[in-house]
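# Observations on the three-dimensional arrangement
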Amino acid sequence: MASGIVRWYNIEKGYGFIAPEGGAKDIFVHVTALEKSGLTSLSDNQRVSFEIKEGRDGRESAMNLQIE
């Protein structure tokens, strides 16, 4: 699993971005990934671990999130 810090998450929009350790490009996170992980929301600057999945559009998304 990868680790990182929530750069920002907007509960009203239902998505946000995670800055992974090591300085790679930000990873998209959608509300459905949170729901599948049993989470209701993320807070800015919160430390999380996650798996990366490539979506149909080629964008990397966070899945199987866990709060650290």
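Our structure is the block above this text.
The residue count restarts for each chain, going from 1 along the sequence in the order it is written. Given that the model is predicted, a residue must reach a pLDDT of at least 70 before its local features are reported, and side-chain atom pairs must reach 80 or more before they are shown or counted; all residues, however, enter totals for whole chains, interfaces and linings. Hydrogens are left out, water is left out, and the side-chain values use all remaining heavy atoms of the structure.

## Details of the environment of S49
Test applied: Put simply, DSSP H or I for four residues or longer makes a helix, DSSP E for two residues or longer makes a strand, and each gets a number counted from the N terminus. We call a residue buried when its accessible area falls under 20% of the maximum for its residue type, exposed when it is over 50%, and partly exposed in between, using a 1.4 Å probe and counting protein chains only. Residue contacts follow a heavy-atom distance rule, with two residues in contact if any of their heavy atoms lie within 4.5 Å.
Tracing the chain through its elements places S49 in strand β4 (residues 47–54). The buried category is assigned to S49, whose relative accessible area is 7%. C-alpha of S49 to C-alpha of G4: the two residues are 45 residues apart in sequence and 6.4 Å apart in space. Not counting residues within four places of it along the chain, the set of residues in contact with S49 comprises M1, A2, S3, N64, L65, Q66 and E68.

## Section: the environment of S3
Tracing the sequence through the fold places S3 in strand β1 (residues 2–10). On the basis of relative accessible area, S3 is assigned to the buried category, the value being 18%. Here the alpha-carbon distance between S3 and I18, two residues 15 residues apart in the chain, equals 9.0 Å. With residues up to four places along the chain from it excluded, the contact list for S3 reads P20, E21, R47, V48, S49, F50 and E68.

## What to know about the nonpolar core
Operational definition: Put simply, buried Ala, Val, Leu, Ile, Met, Phe, Trp, Tyr and Cys residues joined by side-chain atoms within 4.5 Å make one nonpolar core.
Counting residues in each nonpolar core, the largest one holds 13 residues, and the members touching the most others are I18, V29, L34, L42, F50, A62 and L65. Put simply, the parts of the chain that give this core at least two residues each are β1, β3 (27–30), α1 (31–36), β4 and β5 (60–67). Once you skip the residues sitting within four places of it in the chain, L65 turns out to touch I18, V29, A33, L34, S37, L39, L42, S49 and F50.

## Structural notes on the pattern of salt bridges
Any two side chains of opposite charge can pair, so long as their charged atoms come close to each other. To keep it simple, the criterion reads: For salt bridges, the criterion is a side-chain nitrogen of Lys or Arg within 4 Å of an Asp or Glu carboxyl oxygen.
Tallied over the entire structure, the rule returns 4 salt bridges. Of the charged contacts, one joins E68 and R47 as a salt bridge, the two residues approaching to 3.7 Å between their closest N and O atoms. With E68 in the segment after β5 and R47 in strand β4, this pair connects stretches of sequence that are 21 residues apart. By relative accessible area, which is 48% here, E68 ends up partly exposed.

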